[in-house]
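Spelled out, the chains give:
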Amino acid sequence: MHSPSLLEQRGGKEGGEYMKKKDKFRSLSFEILNVMKKTISVLIIAFITSILINSQENPWQGASVDFKHGKLKISENKRFLIHEDGTPFFYLGDT
């Protein structure tokens, strides 16, 4: 034995109206979801764009090299770089 579905219980004209309302609700739900997806996409793009535009608000304005210790030269043991006054040269490489 199988239990009758809601459509079979309502029968005929009422069942058809129920299906129309159900389809109308389903299509409205999909429209709302599509609008939400578009809105979220636009907000994400706007957020990323604002980050990229403002990522370097205060660029460096000073000299790129500090020469107060003199020019660079190779140390006595030929392993390091030092300044003319003997202070070690700190070299930082970043990728």
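Comments concerning the overall build of the protein
Thought 1: Secondary structure summary: the protein contains two helices and two strands in total.
Thought 2: The secondary structure elements of the protein, listed N-terminal to C-terminal, are α-α-β-β.
Thought 3: Scored against the burial criterion, the 95 residues of the protein give a buried share of 5%.
Thought 4: In the protein, the proportion of contacts linking residues at least 24 apart, taken out of those at least 6 apart, comes to 0%.
Thought 5: Entry remark: accessible area of the protein is about 9,500 Å², with carbon and sulfur atoms responsible for 62%.

Regarding unusual backbone geometry
Most peptide bonds take the trans form, and the phi angle of most residues other than glycine is negative.
Thought 1: Located in the positive-phi region is K78, a residue other than glycine, with phi close to 65°.
Thought 2: The topology assignment puts K78 in the loop between β1 (72-74) and β2 (81-83).

Concerning a nonpolar patch on the surface
Thought 1: There is a patch of nonpolar side chains on the surface, built from L28, F30, I32, L33, M36, I40, I44, F47, I48, I51 and L52 and spanning about 1,100 Å² of accessible area.
Thought 2: With respect to the helices and strands, the residue I51 is situated in helix α2 (residues 12-53).
Thought 3: The partly exposed category is assigned to I51, whose relative accessible area is 42%.

Digging into the confidence of the model for the protein
Thought 1: Summary statistics for the protein give a mean pLDDT of 81 and a share of 81% for residues scoring 70 or more.
Thought 2: Considering each helix and strand of the protein separately, the mean pLDDT is smallest for helix α1 (residues 6-10), with a value of 56, and largest for β1, with 94.

Considering the side chain of H83
Thought 1: With respect to the helices, strands and loops of the structure, H83 is situated in strand β2.
Thought 2: Exposure remark for H83: the relative accessible area of 9% places this residue in the buried category.

Remarks on the side chain of S75
Thought 1: Structurally, S75 is set in the loop between β1 and β2.
Thought 2: Here the side chain of S75 touches N77 through a polar contact of 2.6 Å, side chain to side chain.
Thought 3: Each residue touching S75, except ones within four places of it in the same chain, is listed here: F80 and I82.

A word on the environment of I82
Thought 1: Position of I82 among the secondary structure elements: in strand β2.
Thought 2: With a relative accessible area of 17%, I82 lands in the buried category.
Thought 3: For the pair formed by I82 and K71, sequence separation is eleven residues and the distance between their alpha carbons is 8.4 Å.

Conventions adopted
Residues numbered from 1 in each chain as written. Predicted model: local features only at pLDDT ≥ 70, side-chain atom pairs only at ≥ 80, totals over all residues. Heavy atoms only, no water. Helix = DSSP H or I, 4+ residues; strand = E, 2+ residues; numbered from the N terminus. Buried < 20%, exposed > 50% of the residue type's maximum accessible area, 1.4 Å probe, protein only. Contact = heavy atoms within 4.5 Å. Areas by Shrake-Rupley, 256 points an atom, 1.4 Å probe, with all protein chains shown as cover. Patch = residues over 30% accessible without salt bridge, like charges linked within 9 Å, V, L, I, M, F, W, Y side chains within 5 Å. Salt bridge = Lys/Arg side-chain N within 4 Å of Asp/Glu carboxyl O. pLDDT = per-residue confidence, 0-100. Polar contact = N/O pair within 3.5 Å; in protein donor to acceptor, adjacent residues only side chain to side chain.

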